[in-house]
Amino acid sequence: MHSCTVYAFSQGEERGATFTVLLPLIEAQPEQLIKESQEKVNNLLALDGLQILLVDDNVDTRELIAFILQQSGAQVTSVSSVSEALEALVRLRPNILVSDIGMPDEDGYSLIRQVRSQEALSGEKIPAVALTAFARDEERKLALEAGFHVHLSKPIEPDKLVKVLANLVKGNQQF
């Protein structure tokens, strides 16, 4: 992906190994460096103060996404199931819901349908993002029809996730 070269060397079993990674250098133009730095600063504060409920049954994925969101200023509550998510929604009243689709027992579709059903009584509608390893158009369509605002495929691109959430909260539909 970075056009690099990797070498591995070992003097034998139980003697360790040395890995060498050679990455090509590119000369960035000063204007490009300034623009990239400004984008990074904007991303760091893009979700400042937002309360996000993250639902994913995979511990590693949940921790990684929570870390990404926290680095962008969000306060993240992470749960691993639909039942925990429904309880947390009532207790916390977060600004955004981010949920995996494929979970055991009840999936993300079940979660968003229950959330939208409860919201019909109050008239409020929480912005919701579906995360899934399935990136086909059919899955995207199903997620949107079920009640999610946005469908993102895994693996998640950190900058894209932050941008989508920031735009979603602002009511901006540019994802």
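Just above, that's the structure.
In this report, the structure presented in the accompanying data block is examined. Small disclaimer: the values here were computed from a predicted structure and weren't measured.

1. Focus: the pattern of salt bridges
- This structure, assessed with the given rule, holds 8 salt bridges.
- A salt bridge links Arg136 to Glu138; its shortest N-O distance comes to 3.0 Å.
- Overall, the relative accessible area of 52% leaves Arg136 in the exposed class.
- Given a relative accessible area of 47%, Glu138 falls into the partly exposed group.

2. Some points on helix 4 (residues 108-122)
- Over its 15 residues, helix 4 runs 21 Å from end to end, which matches the ideal 21 Å to within 8%, given 1.5 Å per residue.
- For helix 4, the complete set of buried residues consists of Gly108, Tyr109, Ser110, Leu111, Ile112, Val115, Arg116 and Glu119.
- Those residues of helix 4 hidden inside the fold are in contact with strand 3 (51-55), helix 3 (82-92), strand 5 (96-100), strand 6 (128-132) and helix 5 (137-146).
- By the N-cap criterion, in which a side-chain oxygen at the helix start approaches the backbone nitrogen of a residue two or three places on, helix 4 is capped by Asp107, the distance to Tyr109 being 3.1 Å.

3. Quick look at the pairing of strand 5
- Buried residues dominate strand 5, accounting for 5 of its 5 residues.
- Relative to strand 5, strand 3 is paired through 4 bridges, and the arrangement is parallel. Its bridge partner lying in strand 5, Leu54 is registered against Val98.
- Taken together, the 4 bridges between strand 5 and strand 6 define a ladder with parallel strand orientation. Within strand 6, the position partnered with Ser99 by the bridge is Ala130.
- Traced from strand 5 through helix 4 to strand 6, the parallel crossover comes out right-handed.

4. Comments concerning the packing of helix 2 (residues 59-71) against helix 6 (residues 158-170)
- The interhelical angle for the contact between helix 2 and helix 6, taken along N-to-C directions, is 60°, at an axis separation of 10 Å. Classified by the interaxial angle, the pair formed by helix 2 and helix 6 is oblique. Regarding helix 2 and helix 6, the two cross each other, and that crossing is right-handed. Along its contact with helix 2, which presents Ile65, Ile68 and Leu69, the element helix 6 presents Pro158, Leu161, Val162 and Leu165.
- Of the residues belonging to the contact of helix 2 with helix 6, the class tally is 7 nonpolar, no polar and no charged.

5. Some thoughts on the packing of helix 4 against helix 5
- Packing of helix 4 against helix 5 brings their axes to within 9 Å, and their N-to-C directions diverge by 25°. Our classification of the angle between helix 4 and helix 5 gives roughly parallel. Residue-level inspection shows Tyr109, Ile112, Arg113 and Arg116 of helix 4 in contact with helix 5, the latter providing Glu139, Leu142, Ala143 and Ala146.
- In terms of residue class, the contact of helix 4 with helix 5 is made up of 5 nonpolar, no polar and 3 charged.

6. Details of the nonpolar core
- One finds Leu47, Ile52, Leu69, Val98, Val129, Leu152 and Leu165 to be the most contacted residues of the largest nonpolar core, which totals 23 residues.
- For this core, the secondary-structure elements that each account for two or more residues are strand 3, helix 2, strand 5, strand 6, strand 7 (150-153) and helix 6.
- Considering every element that reaches this core, the biggest residue donor is helix 6, with 6 residues.
- When residues no more than four places from it in sequence are discounted, the contact partners of Val129 are Leu97, Val98, Ser99, Phe148, Val150, Leu152, Leu165 and Leu168.
- Among the nonpolar cores identified, the runner-up in size contains 21 residues, and Ala88, Leu97, Tyr109 and Ala128 belong to it.

7. A closer look at the sheet that holds strand 4 (residues 75-79)
- Spatially, 5 strands are ordered 4-3-5-6-7 in an open sheet, and the strand pairing comes out parallel. Of all strands in the sheet, those with a lone pairing partner are strand 4 and strand 7, marking the two edges. Going from strand to strand, the sheet's axes swing by 20° on average, the running direction of each strand aside.
- Each of strand 3, strand 4 and strand 6 is contacted by helix 2, which is oriented at about 170° to strand 4, the strand it contacts most.

What counts and how
Residues numbered from 1 in each chain as written. Predicted model: local features only at pLDDT ≥ 70, side-chain atom pairs only at ≥ 80, totals over all residues. Heavy atoms only, no water. Salt bridge = Lys/Arg side-chain N within 4 Å of Asp/Glu carboxyl O. Buried < 20%, exposed > 50% of the residue type's maximum accessible area, 1.4 Å probe, protein only. Helix = DSSP H or I, 4+ residues; strand = E, 2+ residues; numbered from the N terminus. Expected span 1.5 Å × (residues − 1). Contact = heavy atoms within 4.5 Å. Polar contact = N/O pair within 3.5 Å; in protein donor to acceptor, adjacent residues only side chain to side chain. Pairing = 2+ DSSP bridges. Right-handed = clockwise from strand over helix to strand, strands pointing away. Axes fitted to C-alpha atoms, helices over the stretch in contact; angles between N-to-C directions. Parallel < 35°, antiparallel > 145°, perpendicular 65-115°, else oblique. Left-handed = near helix turned anticlockwise from the far one by under 90°. Nonpolar A, V, L, I, M, F, W, Y, C, P; charged D, E, K, R; others polar. Core = buried A, V, L, I, M, F, W, Y, C linked by side-chain atoms within 4.5 Å.

Limitation: the analysis is restricted to geometry and does not speak to function.
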